[in-house]
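Results of the structural survey
The lines below spell out each chain.
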Amino acid sequence: MQPTDQQEATVDVAALRGWLDTFAEEVAANRDLLTRLDSEIGDADHGSNLHRGMTKVIAVLDEQPPATPAALFKTTGMTLVSTVGGASGPLLGTLFLRLSGAVGLDDRVDPAQLASGLRAGLDGIVARGHATAGDKTMYDALAPACDAFEQALGDDLALGEALEAASTAAAAGRDSTVGMLAKKGRASYLGERSVGHQDPGATSTAMLIAAAADALR
Ligand code: ADP
Ligand code: MG
């Protein structure tokens, strides 16, 4: 059997839990960086916001391990919405709630479901926050990641390679926020002074996609 074989390409709830563990570790390790970025164009709480949220997510998942990917993502989304104050909690929470809705009720998730779940998550973020390309938000990391992931799967790349492509695109999107003028969120209050600073939400979102590439390859 080739690695691209359907069964081999799917991921189970333990692997997806590994994605969340990796993301939580990355957030903890980069908490000060995220807070410093938010201190430049926001209110210096993005690192502590996300760290509080992901610490709670892991605690809730440990307490009651979800049986299915849909339940795992639903618990994650609901916990983020309820524990992360500020803009990023409801937005990131929406991403996971949409992912939950997109992966079906099976024990395993296939790459196409993951791609449509991330796309649905992006759409949910837009429905809530009305960001578009170039507004200097998490959208600018997540949208190119979705595009690259879909493109790579369409080119018949294996899940790991497709996530690697998504991660590279998210990092490039994150870097591109430096030159942008913020149009949404707190950073938009700064107008021209927001230019020259990397968006904290795009930075954490690139970490989320990099964590997927690390954990699900
Ligand atoms: P707050 O801005 O309320 O303090 P955080 O500091 O946790 O919340 O998160 C800030 C990040 O949220 C920003 O860097 C940006 O990426 C993201 N963000 C803010 N508003 C929006 C929006 N309307 N759409 C998408 N992302 C947004
Ligand atoms: Mg903030």
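This text goes with the structure placed above it.
1. Looking at the nonpolar core
Residues Leu16, Trp19, Phe23, Phe73, Leu114, Phe149 and Leu216 are the most contacted members of the largest nonpolar core, which totals 54 residues. At the level of elements, α2 (13–29), α4 (46–63), α5 (69–83), α6 (88–102), α7 (111–129), α8 (139–154), α9 (159–176) and α10 (200–216) are the ones that each hand at least two residues to this core.

2. As for a nonpolar patch on the surface
Taken together, the side chains of Met78, Val81 and Leu97 define a hydrophobic patch exposed on the protein surface, amounting to about 230 Å² of accessible area. Inspection of the secondary structure assignment puts Val81 in helix α5. Taking the relative accessible area as the measure of exposure, Val81 reaches 33% and is therefore partly exposed.

3. Quick word on the site of ligand 1
Every one of the 20 residues lining ligand 1 counts as a neighbour, but His46, Ala87, Ser88, Asp199 and Gly201 are closest to it. When isolated, ligand 1 has an accessible area of 570 Å², and the protein chains bury 93% of it. At the level of elements, α4, α6 and α10 are the ones that each hand at least two residues to the shell around ligand 1. Top contributing element to the shell around ligand 1 by residue count: α10, with three residues.

4. Things to note about the coordination of the magnesium ion (ligand 2)
Note on the magnesium ion (ligand 2): its protein donors are Asp38 (OD), Asp43 (OD) and Asp45 (OD). The metal-donor distances range over 2.0 to 2.2 Å. Each donor residue of the magnesium ion (ligand 2) belongs to the same chain, with the gaps between them written as D-x4-D-x1-D. Given the relative accessible area of 8%, Asp38 is considered buried. By relative accessible area, Asp45 is classed as partly exposed at 23%.

5. Brief notes about the environment of Pro66
By the secondary structure assignment, Pro66 is in the loop between α4 and α5. Expressed as a C-alpha distance, the spacing of Pro66 and Ala14, which sit 52 residues apart in the sequence, is 9.6 Å. Ignoring sequence-local partners within four residues, the contact set of Pro66 consists of Val13, Leu61, Ala71, Leu72 and Thr75.

Thresholds applied
- Residues numbered from 1 in each chain as written.
- Chains lettered and ligands numbered in written order.
- Predicted model: local features only at pLDDT ≥ 70, side-chain atom pairs only at ≥ 80, totals over all residues.
- Heavy atoms only, no water.
- Core = buried A, V, L, I, M, F, W, Y, C linked by side-chain atoms within 4.5 Å.
- Buried < 20%, exposed > 50% of the residue type's maximum accessible area, 1.4 Å probe, protein only.
- Helix = DSSP H or I, 4+ residues; strand = E, 2+ residues; numbered from the N terminus.
- Patch = residues over 30% accessible without salt bridge, like charges linked within 9 Å, V, L, I, M, F, W, Y side chains within 5 Å.
- Areas by Shrake-Rupley, 256 points an atom, 1.4 Å probe, with all protein chains shown as cover.
- Salt bridge = Lys/Arg side-chain N within 4 Å of Asp/Glu carboxyl O.
- Near = heavy atom within 4 Å.
- Donors = N, O, S within 2.8 Å, 3.2 Å for Na, K, Ca; no water.
- Contact = heavy atoms within 4.5 Å.

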